[in-house]
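Chain and residue survey
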Amino acid sequence: TSVIDHFNYDKSDDGKHTLIIAKGITNNEAILTKNVIEGPPVLFRGIAHKIGTVPLLTKILWAGETAYSYETKADQQVDQEPLVVGSKVMLVSALQARKNARVTFVGSIELFSDRFFDSPIQRTNSAESFTKSGNEDFAKDLTKWTFQEKGVLKVTSRNHHKENETEELEVYRIKDNIVYTIEISEYVNDHWQAFNGTDVQFEAIMLDPYIRKTLTPLPISPEQQARKYKAHIQLPDVYGVFTFKVNYKRSGYSYIEDSSVVAIRPFRHNEYPRYISAAYPYYTGAASMIVGFLLFSVIWFFNKENSKRAKKKMS
Amino acid sequence: KFTSWRAFLLALLTLALVQAEGFVLSDVKIAVTTSESVRKLYESIPYPSSFDKPIQLTSGDDFKMIFVVTDKQTQKGVQPHQAFLTLTSEENGNQIPIIVRVRENGKAKVELDMKSAPNELLSSPGNHSLDLIIGAFSHNDPLKYHVGTLEVDVPIQSSGPSPVVYGPKPEIHHIFRPDEKLPPIWLSYSFMAIILIPWLFLIGAWAYIGVNVSLLANAPESALMSLIFLGTLLGIEILFYNYWTHLNIFQTLTWLAGLSIVAFITGQKALSGVQKWRSMGLR
């Protein structure tokens, strides 16, 4: 079977309408650079495949609505349901497994051929034409991504500590204010440089996430190799063993799962509020007793009874 | 001369016709029958314009369409390689193809029975664009004909868990338990006042019986010991206040040990002084 598209084939097709001009291209800039996405289209001659909905899969190149996958015998009709029809016809797609292994499925060997690299494009029944196909740049970007030279991230360091301190503790207290920082760098053009993502999120999880916060990227100087992301977080008032996790999974980039386990303890007996408004009467009672006792002692020492009254008492 | 010119033109035209051109549809008719075999709709669509009213389909309906495909030049029926009737959902762009089998004379009949429709269609209610795509290897001008709009009226099903997509998740802000609610502050203040009321009685009663500190004012010499003793008592009370605010039991007991020795010694001397005053008749 081949991918057939009677509406989108190049002029130099051999009559089977299989040398098609791919219509759909991903706009994921982790896999393809902007030049390739917006540049001349890609020529393809080969077989189709279809992909499911697993988020590990990314579609990179797909056909138009009028394409389908079938045998190319001329005097026959399509009478069985083709494997895939329309924009579901995938020409190039990629899988990044959970440990960041990358596999790219390309249904055409000729896509990588010198002939296709140098071929101009002229769509039949259309004025659309390009002097050179986008195959060469597309192949460069695709192979870079597949061989882990593009869109690769790593965590260079991670730190958490209480506000105004520097020590990374293993036990925090409920309602503590902490500062969490993580540094992520990206491999671009054969060297590590600071990553530019803006949606890295921090999670505090104990079976379910209690807190999820987007970290703010800090500005960096050009020679720094990793970008620091920081967040100020108030720990929840639930105690237990928590995991501080940065789980960054985006299509096209390698997956980052950085976690550190931390215990959160409840208040100690002397960390509760010290003076309670409901206890004011008791405070005044005790103070009143003390003052009364001291006053009475002074009076007892230095009191001189009125002589009239004393005489009265004695008589 | 004229005939050879015509012959030459004819030859040119035949050369140009190596690749056949396009398709023409004719006799396009649609019909919708309900599940009780009541014919709801029967229309003939004037190709190349589309059917302007939306075609309504509910569950149990049966949609049928017939047409004839002919070659534009030869006007003979053809069997194109690709003859698909596609339903494209206007909401989510989902495309559902239906394969049309075209007979040798170009006549074709296609049926969409909602009773046995694909699940994709049954779970996407709303408007669908109905298009007929005709293509073949031998023709270089394929046909995409917009037949009309299908209004699919099926109950909205909760289509199960939606597929996971990697992306930022919604932020979770922990809601802290509100502080313990205490009784209102005016209640505390009023009880404070109630506790302080006995002082009025005490001061009143003392004033009535004529309490004074005259012996201090007249200052016999041994008043000094009494004063020191009273100062020690004051010190012990201040120690207790500090214990209440910031000291711990060990520091308190340390201070208390020292202060109580001083209190004991000065207390004895003070009391012997008071005894002396008594014997002197001052008390």
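Residues numbered from 1 in each chain as written. Chains lettered and ligands numbered in written order. Predicted model: local features only at pLDDT ≥ 70, side-chain atom pairs only at ≥ 80, totals over all residues. Heavy atoms only, no water.

Time to look at the overall build of chain B. Across its full length, chain B carries six helices and 11 strands. Expected size for 283 residues packed as a compact globule is a radius of gyration near 19 Å; at 54 Å, chain B overshoots this value by more than 25%. A principal-axis box enclosing the C-alpha atoms of chain B has dimensions of 170 × 50 × 35 Å. For chain B, with 283 residues in total, the buried portion stands at 35%. For chain B, contacts bridging at least 24 residues in sequence account for 67% of all contacts bridging at least 6. Taken as a whole, chain B presents about 17600 Å² of accessible surface, with 63% of it coming from carbon and sulfur. Separation of charge centres in chain B, based on 22 positive and 23 negative side chains, amounts to 5 Å. (Helix = DSSP H or I, 4+ residues; strand = E, 2+ residues; numbered from the N terminus. Rg over C-alpha atoms; globule rule 2.2 N^0.38 Å. Buried < 20%, exposed > 50% of the residue type's maximum accessible area, 1.4 Å probe, protein only. Contact = heavy atoms within 4.5 Å. Areas by Shrake-Rupley, 256 points an atom, 1.4 Å probe, with all protein chains shown as cover. Lys, Arg positive; Asp, Glu negative; His and termini not counted. Charge placed at Lys NZ, Arg CZ, Asp CG, Glu CD.)

This part covers the nonpolar core. If you look at the biggest cluster of nonpolar residues, it comprises 39 residues, and the most contacted ones within it are B:F63, B:M65, B:F67, B:L85 and B:L132. In this structure B:L132 touches B:L25, B:M65, B:F67, B:F84, B:L85, B:V100, B:L143, B:K144, B:Y145 and B:V147, once residues within four positions along its chain are discounted. Counting 26 residues, the second largest nonpolar core, distinct from the first, contains A:F195, A:V246, A:Y253 and A:I264. (Core = buried A, V, L, I, M, F, W, Y, C linked by side-chain atoms within 4.5 Å.)

Here we take up the packing of helix α4 (residues 280–302) of chain A against helix α3 (residues 185–209) of chain B. Across the interface, α4(A) lies against α3(B) with an axial gap of 8 Å and an inter-helix angle of 15°. Of the possible angle classes, the one that applies to α4(A) and α3(B) is roughly parallel. Read as a crossing pair, α4(A) and α3(B) show a hand that is right-handed. Only B:I185, B:S188, B:Y189, B:F191, B:M192, B:I195, B:L196, B:W199 and B:W206 of α3(B) make contact with α4(A), whose side of the interface consists of A:Y280, A:P281, A:T284, A:G285, A:S288, A:V291, A:G292, A:L295, A:F296 and A:I299. (Axes fitted to C-alpha atoms, helices over the stretch in contact; angles between N-to-C directions. Parallel < 35°, antiparallel > 145°, perpendicular 65-115°, else oblique. Left-handed = near helix turned anticlockwise from the far one by under 90°.)

The next subject is the sheet that holds strand β19 (residues 240–248) of chain A. The strands making up a sheet are joined through hydrogen bonds of the backbone, oriented either antiparallel or parallel. Residue and element names in this part refer to chain A. If you trace the five strands from one edge of the open sheet to the other, you get β12-β20-β19-β15-β16, paired in mixed fashion. Among the strands making up the open sheet, the edge pair consists of β12 (171–173) and β16 (208–214). This sheet shows a mean twist of 30° between the axes of neighbouring strands, independent of strand direction. Sheet topology note: the strand β15 (residues 201–206)/β16 ladder contains six bridges and is antiparallel. Opposite M206, over in β16, you have D208 as the bridge partner. (Pairing = 2+ DSSP bridges.)

Across the boundary between the two partners, chain A contributes 77 residues, which contact 74 residues of chain B. Across the interface of chain A and chain B, roughly 6600 Å² is buried in total on both sides, 62% from carbon and sulfur atoms. Between the two partners, chain A and chain B, sit two salt bridges. Between B:K144 and A:E65 there is a salt bridge, and its shortest N-O distance comes to 3.6 Å. Counting the contacts that link chain A with chain B gives 23 residue pairs in polar contact (both at pLDDT 80 or more). Sorting the residues of the side of chain A that touches chain B by element identifies β6 (68–70), β15, β16 and α4 of chain A as the ones contributing at least two each. If you tally residues by element for the side of chain A that touches chain B, the top one is α4(A), at 19 residues. Within the side of chain A that touches chain B, the residues separate by chemical class into 35 nonpolar, 23 polar and 19 charged. (Buried area = accessible area lost by both parts, 1.4 Å probe. Salt bridge = Lys/Arg side-chain N within 4 Å of Asp/Glu carboxyl O. Polar contact = N/O pair within 3.5 Å; in protein donor to acceptor, adjacent residues only side chain to side chain. Nonpolar A, V, L, I, M, F, W, Y, C, P; charged D, E, K, R; others polar.)

Take the confidence of the model for chain A next. Interpretation of the predicted coordinates at a detailed level should be avoided for regions scoring low in pLDDT. Scored by pLDDT, chain A comes out at a mean of 91, with 97% of its residues at no less than 70. Mean pLDDT values for the elements of chain A range from 59 in helix α5 (residues 307–314) of chain A up to 96 in strand β8 (residues 102–106) of chain A. (pLDDT = per-residue confidence, 0-100.)

The sites that UniProt annotates as "transmembrane region" (unreviewed entry) are residues 280–302 of chain A. As annotated, residues 280–302 of chain A comprises 100% helix and 0% strand, and the C-alpha atoms at either end are separated by 33 Å. (UniProt positions renumbered as here; feature names shortened; annotations may be inferred.)

All names here are of chain B. Looking at where L202 falls in the secondary structure, it is placed in helix α3. For L202, a relative accessible area of 31% translates into the label partly exposed. Sequence spacing of L202 and I236 is 34 residues, and the spatial spacing of their C-alpha atoms is 24 Å.

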